[in-house]
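Residue-level structure breakdown
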Amino acid sequence: MSGASSTRGRFRAFALLPVAVAMAAPLLVACSRDGEDAASKPGTVTFPEAASPFVAFDVWVRVGSQHDPAGKEGLAVLTAALLAAGSSQDDPYPSILEQLYPMAADYSAFVDKEMTTFRGVVHRDNLDGYYRLLRNAILRPAFAAEDFERVKRQQLDYVERGRRFQRDEELSKELLFAMAYRGTPYAHPEEGTVRSVRGLTLDDARDFYRRHYTRDSVVVGIGGGYPEGFPARARTDFDALPPGEVPAVPPPQPRRPAGIEVLIVEKDTDATAISLGFPIDVVRGDDDYWPLFLAASWLGEHRSSFGRLYQVLREQRGMNYGDYAYVEAFPLGFTTMDRPINVARRSQLFEVWIRPVSGTGGENGDDLHDRALFATRAALREVGRLADGGVPAEQVERTKTYLGNNAVTFGATLLRRLGFAIDDAFYGLPDPGFLRSVRERVGALDTEAVAGAVGRHLRSDGLYLVFVTRDAAALREKLLAGEPTPIRYAGEQPPEVLAEDNEIASSRLAVTADAIEIVDISGVFEGDGPAAAEATADESRGTSAGGS
C-alpha cells in the first residue's frame, strides 16, 4: 500500500516516528546546494538536482520529545503521527491514501529528541497533487477523533508490548540513554511511557500543535528537480502558520559516573542484549568530531566486518551477530546499514552496541551469563586499549581509506542528501557541510590528531552498562563476585586466541552492589517504576501516510 505516513517512534502506525527540536542552529535558515542561489525566503533549505525526475521534501519542525510536558511524555510523537497518518481539513485519511497510491508515494513524520521532520519523495509529474496533501497535513490537520483513537492505540500497543518484547537489543540502547540522561529532557523515550501515553488526550495534541507548530519553528527543505520558484511558493504557504518561537530548552547535562553503573532487566530470553556507553562533549561541527568519528569507525563500524569489535567477538569467537561503536545517536540500527538522518542532537554518547549473546548450554549447565560477561569484558578491554593508546598508525590509514570509499554511500538517495543538508542547518555547518566534507576531513587526519581526541574524550572506567537477560539476580552475583567467566567452543581455537581468552575472562569489572539496579521487564518505561526504568520525563520511530 502506498500513501501517507505517520511518525518515527519504535512503533508503526504506518510508521510512527519520534520528534526532536534543534536549538543549536539559527532559527531561520537559508541555504542551497549545487551552486543555486539561496532560496528567496529564510527558513528554507534547498538541494537542487535539476536532472532528477524526483522532488524530495524534508520539512523540519524545531520541536522534539524534549518538549513533552511533564507527565505527557510521548505527546510530540502522537501529535506528529496525527498529522502524518491522519486526516486534514480538506481530505479524510482514507482519501489521502487513495490519492497517494497511484503516485507511488508517501510521507512520514520522524520524531527524535530535538527534531521533527516530515519527509517524502514524489515524481515531479505528480508534484502538485502530492504537495497539496503534504502541505495540508502539516498546515491544516483535522485532529479527527477516529484518527486520534487509532494512532494512540498503536502508540500504546508499542510502549506496552512492542518496546518490551520485540527487540531486546533496541531496548537496551534506549535504557542506556535513559540512564545517562536521567533527570533531563532527553531521558524519556520519544514514544513516552505506558502511564503517560494512556493519559494523552486529543486536546493535548491540539494544544501541542498550537504551541509548537509555528511559522518561526518550521524550516522547509526541498530537493531534486523541482520547478523554478517552487521553494519560495512553499515557504509562502508555510508562512501562513501563526508567528511564535518554540520555547527554548537548555542543553541536557548528562552525568558521567565515576565507576560502572549497571541496569539489569529481568526477562525470559535465550540471549543477553548488552549496551554500554557514557556522555561525550563532542557533537558534529566540533574540532574533535572527525577524529572521534574515525576512531569509532575503526573500533566498530556499523553493520560492517571492518571494525575491531566485530573481529574480536564475531569473527574470531563467533559469539554474536555483530558489535559496533558510535559517537552519535544511531536509533533502530538493526533496520539499516545507513547512517541516520534527522537525529541531530546537542548532546551525544559514546556507545557500544553488543548484539545479543546467547548461551551454549552443555554439561556444566547454561553459560548464558558467562558468555555475556566475557563479551562485555572483551568490549571494555578494546575500549580501554583505544582510550589509552589511540588507533594504531597503520589502522588510521586503513580506516581513512575505508571511510573515504564508504562515504560515497552516505548520500545514496535524494532524500538522504536533503536530510544531511537539514542536519547541517541544525548544527550550523557552513558549505560544503557534512556529506561533502567527509572524505576531505577524514583524509586530513593523522595518528596524533586521533590519539589526542581519543585521549580527551574516551575512557573505559566511568560508564553505564545495560543487560537484558533472564535470571538477573544470578548475573548480579557473577558481577559482584568478579570471578573469571571463560567461554567454551564447539571446535578448536588457535593457541593465541585461547591465551587472549584467559586475559579477557579474568579482566576486572569494578562494580559495586549499590551500583547495580534490577528491573523486571513489566516495569520498563511503565512510568511508575524505578527511576532508571521509567526514565523521567524511541524505523518504528516513524509514522507515515501511504507507507507499505
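Quick summary incoming for the structure in this document. (Residues numbered from 1 in each chain as written. Predicted model: local features only at pLDDT ≥ 70, side-chain atom pairs only at ≥ 80, totals over all residues. Heavy atoms only, no water.)

**Section: the pattern of salt bridges**
In plain terms, the rule: A side-chain nitrogen of Lys or Arg and a carboxyl oxygen of Asp or Glu constitute a salt bridge if their distance falls within 4 Å. Secondary structure elements are taken from DSSP: a helix is a run of H or I of four residues or more, a strand is a run of E of two residues or more, and numbering for both begins at the N terminus. Think of it in three bands: with a 1.4 Å probe and only protein chains considered, a residue is buried below 20% of the maximum accessible area for its type, exposed above 50%, and partly exposed in between.
Evaluation of the coordinates by the stated rule reveals 42 salt bridges. Where D91 meets R132, a salt bridge forms, and the shortest distance between an N and an O atom there is 3.0 Å. Here D91, found in the loop between α1 (75-84) and α2 (93-100), pairs with R132, found in helix α3 (residues 127-139); they are 41 residues apart in sequence, far enough to count as distant. Judged by relative accessible area, which is 9%, D91 ranks as buried. Each of the salt bridges in this network shares a partner with another, and the network as a whole consists of R317, R381, E500, D501 and E503.

**Description of the environment of A472**
Which entries qualify depends on this criterion: We call two residues contacting when some pair of their heavy atoms lies within 4.5 Å.
For A472, the location among the structural elements is in helix α16 (residues 472-481). Among the residues examined, A472 registers a relative accessible area of 0% and is labelled buried. Separated by 103 residues in the primary sequence, A472 and H369 place their C-alpha atoms 9.3 Å from one another. With residues up to four places along the chain from it excluded, the contact list for A472 reads I264, E266 and I518.

**A word on the sheet that holds strand β11 (residues 348-358)**
Spelled out, the test is: When DSSP finds at least two bridges between two strands, those strands are taken to pair. Angular values range over 0 to 180 degrees, each being the angle between N-to-C directions of two axes fitted as lines to C-alpha atoms, with helices fitted over their stretch in contact.
Here 6 strands make up an open sheet; going across it, the order is β10-β11-β9-β12-β8-β13 and the pairing mixed. This sheet does not close on itself; its edge strands, each paired only once, are β10 (323-326) and β13 (516-520). Averaged over all neighbouring strand pairs, the angle between strand axes comes to 15°, with direction disregarded. Strand direction decides the pairing type here: strand β9 (residues 271-280) and strand β12 (residues 463-469), joined by 5 bridges, are antiparallel. Among the inter-strand pairings, L276 is bridged to a residue of β12, identified as L465. Sitting on the sheet, helix α10 (residues 308-315) is in contact with β10 and β11, with an inclination near 160° to β10.

Geometric values such as these leave the question of function open.
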